[in-house]
Structure formats: structure tokens, C-alpha cells
Amino acid sequence: MSTTSDSILGAATPRIDGPSKTSGIAQYAADFHFDNMAHAVPVGATIASGRIRRLDTSAAEQLPGVLLVLHHANIGPLYRTVPGDDNATNSEVRSAFEDDVIRHWGQHVAVVIAETLEQATAAAAAVKVDYEPEAANLRTGLDDYTGARKSVSKRGDPDAAFASAPVKLDQTYITPSETHNPIELHASVAAWDGDRVTLYETSQGVVNHRLVMAQVLGLPVENVRVVTRFLGSGFGGKLFPWPHTAMAAVAARKLNRPVKLSLNRRMMFSTVGYRPRTEQRIKLGATKEGKLLALRHDYLNVTSQLDDFNEGCGEATPYLYSVANLEVTGAVVHRNVGAPMWMRGPGAVPGLYALEAGMNELAEQLSIDPLQLRLMNDADKDEANNNIPFSSRHFKECFQVGAKKFGWEKRTPAIGSMRRDGKILGWGLAGASWVALRLPCTASVEFCANSRLCVRCGTQDIGTGTYTVFAQVLSHKTGIPLDRIDVILGDSALPDGPMSGGSMVTGSVLNAIAAGADGAIQKLQKLAAATDGSPYFNAKVEDVSFTQGRIHGKNQSPENGMQFADLLKMARLNGISAEGKTQPTWEDPKAKGVSLHSYGAQFVEVEWEPEIARLRVSRVVTVIDAGRIINPKAAANQIEGAVVMGVGMGLLEETIRDMRTGQPINGSMADYLMATCADLPDIDVTFLDYPDPAMGEFGARGVGEIGLAGVAPAITAAVYHATGVRVRELPVRIEHLLQSKVVEV
Ligand code: MOS
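Treat the numbers as computed from the prediction; the structure is a model and nothing was measured.

## As for the overall build of the chain
Across its full length, the chain carries 18 helices and 27 strands. For a compact globule of 745 residues, the expected C-alpha radius of gyration is about 27 Å, and the chain comes in at 28 Å, within 12% of that figure. If one aligns the C-alpha atoms of the chain with their principal axes, the spans along those axes are about 85 × 70 × 50 Å. Counting the 745 residues in the chain, one finds 63% classified as buried. If you take every contact in the chain between residues at least 6 apart in sequence, the share linking residues at least 24 apart comes to 81%. The centroid of the 73 positive side-chain charges in the chain is displaced by 1 Å from the centroid of its 82 negative side-chain charges.

See the structure below:
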């Protein structure tokens, strides 16, 4: 039926939206301007716990340009979302200004709307709030958790097996709170038309955002539209709506004017989520030869007062290695902090830091190469899930390929034993994994009389190359070149598409686009046979073919056929379209019975200069098994970015709070340390590129998050190898390194 050209799939295709971004045409949420638009600036609480005694807005209201000050006493009804509704997931349980209780520093207590941003900013500073403070719980230690630990996964008798194991490891690993720092700030522009509202948003999921906002604002869902044409990333912080969206929407309704609310960077550290602090105890029992006998992973994570946010640190632990006796448990610990939110590789990234750091320490105890320890404990079936087969697992090969590229066999295990150019080298490795799923998706494909091909889907491009992947698949299916393909995303009015989350968009959208293209081609073929004047009028539909944009007879060469646009014109049609759907993996018999994950291996080299206590990550080799890679350029870019973030996680990133007020004291781009160009190692990315049959026709699993997994434990292993200092609390600091006894000779 349709002829396909394979070259575009798997081709390193530059982003089709690149020119619109570099030229400034691309409209991000805060770029939307409307006539008569007002500006909103929130006021944040300056205590971590207590109550508002008095909120005095009189001075603020006297200032020039001020239109309105909203707070808990006058915002009017806002609603919570239905608990457990997976289609309408909110970030926080509590709605904006729901009560006068303060539960964390920075909690919105008021919002000022004025003619200009400057006027609103000045007036926000003039809002006076008297608090009745209460003792805040900001403890960093998490041993005081309340409520039951939940058993996440269990098999065998891990405690008995650990007790009798000849070799034992029992260590606790800590990851700090980290803050999402996308370049683009969170913003919401609300514009009402009667009882309908359009929200121009920084959203990683316009469809979910619309459903949530309909519930929160108490509107019929058809009265809400959410638009996110471009995102300056999100890292998970923009998955679900935050309270400022409702604040902007209510203000715009009350004023009957469009309202723009953009958070500033400091607000981004306290009102829109973060990766919560975790404490993870790992127990490993093994034979003297290194075969795992017992694995216990007990984690705790911080959450806010009202939200039971579970970081899910045990996500990858149950299936990664073969071990007969295992248990993973988790519990949450409430603090006076804002709601946490998923951050790139949530659960698995902090969880694998602990597990893989434990595996590296166990290897040392056993005097076994850490690479060998991984290879000898590889799992060939999912022992956590009724021993079902893996859909496509090449974890061992990731390590083997990576070891070769890195030169692992040249490693000498003694601490401080490797030197280069007067520097001490440390080498470490760790494994990576991430879940794979296909989410439901609908895409509509249209052939247009202007010779262009259009695809529409209510998903969005978080910056990873989603626009480009859509165009690639459509070009692959139709033979139409990329410059004649329009991709329309980022609008909840489009057919329902998936969230840009969980590294799931690519794997989820491909089948829907392909099915939509097939359907639209069939309609063209039928049209050719039904259009009077067409050379195929009254032909059997199966005798009409479609190749590279041309309709032609089955036995006729495509060059002698007609362009689809000419057929549409002949039939007096502007366009012809069809919808295609992706069946989610959990409904697909081919995917239901297999265990779906991506895998990877990280090899890290650090350089240590003890004379000046300077440590840098100099080299990272990363090998990723993420199914078939649709766009190696965009995919490598994702992994490189994730590795850079991993350097930050290992050495730099931590949100530090003032223990009296809960204020993030390093809540700015100047003070919150992230890896920048000067910190970059040489990064070598390899994809194994095995299509995963359970993911459907294209076999792609997605690569947004897995590149971050395993980097931090490989760094701490390399740090130990170079310096002899075992760091079990991230990030590695100079205070840790100064304990090193390794000196230059
Ligand atoms: Mo990702 S943390 O699911 O945006």
C-alpha cells in the first residue's frame, strides 16, 4: 500500500523548530501579549509554619497602577482535584489561598495585579502580613518518619538470607533536595472570552492541565483551553499545574482583562516543586565469589505537610539484578516545605545512586572488579514480576561496550594508583535503568490541497525534539520531505496526546502518527477511485497506490501518477485527514506479558589534584539501550545533557534551607551550583539501537531521563578510587575531599 523510505528514521535530523527558536519567532508562554493585559506578582510567606494573623493590603492598593489584590479572604471558590484521578493530576492537594495556614516558606499568601509588572512588583512588596508563627519542622535527618513503611517489592526472605550471607554490606546513602532549573520560568497568561478561558502555559501536559484547571476553577472542561507551543524545558517541574495558574485565571476573570503571571527565579525555588531529600539504607548479602544472596532497599523521602509525595526510590531495584531474596520499602517524612515534584528520572535516579554505590562498595569488599560483579549478577528474567521475560534487555552489553570504549581493562584498583599529566585519576562505573511505557495517544494526519502534510496532537515539545520526531515519522510513512510537513502541537484543543514526561512521548506518539498516515492515505486512494475526472475513477481501491506523495496505478510507475494535491483540487477538497491511535502498553497483549525497561552503563573518570584540592570529572562514556533510536542527534543531545546534570548531582547541586525560616538560601542561579560549560567532561555517547518489539512497529523507548541514572554513583566510585574518600551523602564537597590521604609523589 504505502511505500516507505527508511532513511529518515534513525537519521541525525536537526530540529525542524530550530530556526523559529533562534530567530525568536517561537512563542513561549510568557511571550504571549494581549491588549489591555495586566501583570500579576505573588507575595510569598516569610515563615515556614504558622498562621496569617492579619493581611494588610491597604498600602499596596494605594500605589499607582494597582488593580486588585487577591488572597485567602477574597479569591472566591477554588476546588481541589478528585483524589486518584489519573487523568487530572495536580501538583498540590491544596488549592491556592485555600486557608490562612502557612505550611512552608514562600507559600503564596497574596497576589497583586497592576497595569505594569513594575507596579505589581512594587505593590507586592507593600503587602503587609502579620504571622502567628509556630515551630517548623525542617530537620534534615529523616529517622522520625511516621506511618507505616510500604513494602514495594518482596521475594524470598531477605533478612534471613542477609543474616547468613558470608559477605555483607549495610550502608545508608543520602541525596539532597535539588531544584529544577529550566531556563524558562514558570508562567501563565490567562485570557477569558465570556465564560471560557485560554491559559498560555508552561505545561509538560496540556491535556492534563486543562482537566485539572477545569476542576480547580469549577468550569466545564470544554470551557478551558491550554496552549503550550514551546517549552524552555521543565525537567518534571512543569508536569502538573501549580497554584499560580489558578491565581492568574481568577484575577483575569475578576478584572475582565488578560493577566500574565510569571514567577521569578527565587519563587521557582519554593513554589513549583523540587527533588526531595532521600535517605536510603542498602543491605547487600553475597557469597565470597560475589553472587548476590540478599538485597534490602529501605528508603525515606521528604514531602510537604499535606502531600504524600512518594519519590519511588525502589523503582529499578527489584528487577535490575538476579537475587533470590529481596525487599524494597518506602516511607514519606513530612516537613514544612513545599510539595516535591518529579525531577528527571524521579525515583530511579536517586534510587540507583544508592543501589549502585552499594554495589561498588560490595565489589571492593569482595576484591572483585565492579564490572564483573554486575555481569555475574545480571538478571535474565524479571524476578520481581513472576519471572516474566524482559522485552529487550542488553544491560550486560552496555557494560561490555562501555568498558571497551573507556579502556576499563587498564584500571589498577589500588587507591591513587593511576596518574596522568601530574594528576591522580579515579575511574568508576555504575548501571542505569528506566521504565518504558507507551501512553495512549491520538494524532490526526491531513493531506492538504496546498501540497503540505500536517499532523496534529495534543502533546508538546519540552525541548527534546518532539516536533522533529513527529515530522520524521510522517516523512517516513509518506515520502513527503520534511519541508512540506507541518507539526501542530501544544494545544489542548488538539486530539489528546501524552505528557512530556517519563521519557514516554517518542514511544507513545509514533504508532498514532503512523496509523493516522495510513488512514489518510487510504482515504486518498478511495478519493482517487471516487473522483470523476481522476485517472483512477471507478478503479478498485486496491489497484490505486500511493508513493512519495503521488497517487498512481498499482502497475504504473509513481512518476506517471498524480500529486495528491492535484487529486484534492480535482475533488474540490481543501484537505483529507484521518486519526490514528496508539494502544497503551498495558492494553497491548504483546506488551502486557513482558517487562519493559531501558538500560545503560556509565563510566566516569575524575582528575584529582591534591595540592590544590581540585577535582573535576574529565571523561564520561555512556552506553544506552533504549530501543530503536529515531533521531540520534536529538537523542545524543538528551544523554549529553543528562550526563551534565549528573555531574551537577554528583558534585554541585543541593537546595539549602535556612533552618529557622525554611527559605532556600541559595535560591538563585548565582548561588545554586549547577554544572556549567567549565565543568563539562568529554562525553562519549553510544546507543545500542536494538528495536524493542513490545513497543510496536518502531521499537523506540525514549531517552529523556536514563542518561542521568548511574552518573552520580559512578562519580562517587571514581572519587573513592582517586582519593580514598568514600562519600555517601551527595553532593561530593571539598570538605569530603580534604580528608584524602592521597598525595602527589
Ligand atoms: Mo519527567 S521528571 O517525567 O518530566
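## Quick word on the environment of G458
Positionally, G458 belongs in the loop between β19 (453-456) and α12 (466-478). Sequence spacing of G458 and T202 is 256 residues, and the spatial spacing of their C-alpha atoms is 14 Å. Not counting residues up to four positions away in its chain, the partners in contact with G458 are V206, V207, D491, L494, P495, D496, G497 and P498.

## Notes on unusual backbone geometry
Residue P731 is reached from L730 by a cis peptide bond, and omega for that bond is -5°. Along the chain, the position of P731 falls in the loop between α17 (711-723) and α18 (734-737). If you check the backbone angles, D421 has positive phi at about 50° while not being a glycine. Note on placement: D421 falls in the loop between β16 (418-420) and β17 (423-435).

## Quick look at the nonpolar core
Grouped together as the largest cluster of nonpolar side chains are 96 residues, with contacts concentrated most on L362, F603 and F687. Looking at this core, the element that brings in the most residues is helix α9 (residues 348-366), giving eleven residues. Not counting the four nearest positions on each side in its chain, F603 is found in contact with L371, C398, F399, G402, A403, F406, W408, G428, L429, R619, V620 and V621. With 66 residues, the next largest nonpolar core counts A60, V69, A190 and A251 among its residues.

## So, the environment of T13
Checked against the element boundaries, T13 lands in the segment before α1 (18-22). A C-alpha to C-alpha distance of 6.2 Å links T13 and N631, two positions 618 residues apart in sequence. Reaching out from T13, the side chain makes a polar contact with the side chain of Q472 at a distance of 3.1 Å.

## Focus: the packing of aromatic side chains
In the structure shown here, the tally under the stated rule is 20 aromatic pairs. Aromatic side chains F240 and W342 sit 5.8 Å apart centroid to centroid with 70° between the ring planes, which places their arrangement in the edge-to-face category. Residue F240 is found in the loop between β11 (224-227) and α6 (243-255), and its partner W342 is found in the loop between β15 (325-334) and α9; the two are separated by 102 residues along the sequence. Consider the rings of F406 and F603, whose centres lie 5.7 Å apart with planes at 35°: the pair is tilted. Taken as a pair, F406 in helix α11 (residues 395-406) and F603 in strand β25 (residues 597-609) lie far apart in primary sequence, 197 residues in all. The exposure class of F406 is buried, given its relative accessible area of 3%. Each residue in the set Y319, Y321, F390, F395, F399, F406, W408, W427, Y599 and F603 is aromatic and connected to the rest through ring pairs, giving one cluster. Directly above the ring of F390 sits R393, whose terminal nitrogen or CZ lies 4.7 Å from the centroid. Here R619 stacks its cationic end above the ring of F406, 4.1 Å away from the centre of that ring.

Criteria and cut-off values
- Residues numbered from 1 in each chain as written.
- Predicted model: local features only at pLDDT ≥ 70, side-chain atom pairs only at ≥ 80, totals over all residues.
- Heavy atoms only, no water.
- Helix = DSSP H or I, 4+ residues; strand = E, 2+ residues; numbered from the N terminus.
- Rg over C-alpha atoms; globule rule 2.2 N^0.38 Å.
- Buried < 20%, exposed > 50% of the residue type's maximum accessible area, 1.4 Å probe, protein only.
- Contact = heavy atoms within 4.5 Å.
- Lys, Arg positive; Asp, Glu negative; His and termini not counted.
- Charge placed at Lys NZ, Arg CZ, Asp CG, Glu CD.
- Core = buried A, V, L, I, M, F, W, Y, C linked by side-chain atoms within 4.5 Å.
- Polar contact = N/O pair within 3.5 Å; in protein donor to acceptor, adjacent residues only side chain to side chain.
- Phe/Tyr/Trp six-rings, centres within 6.5 Å; stacked < 30°, edge-to-face > 60°.
- Lys NZ or Arg CZ within 6 Å of the ring centre and 35° of its normal.

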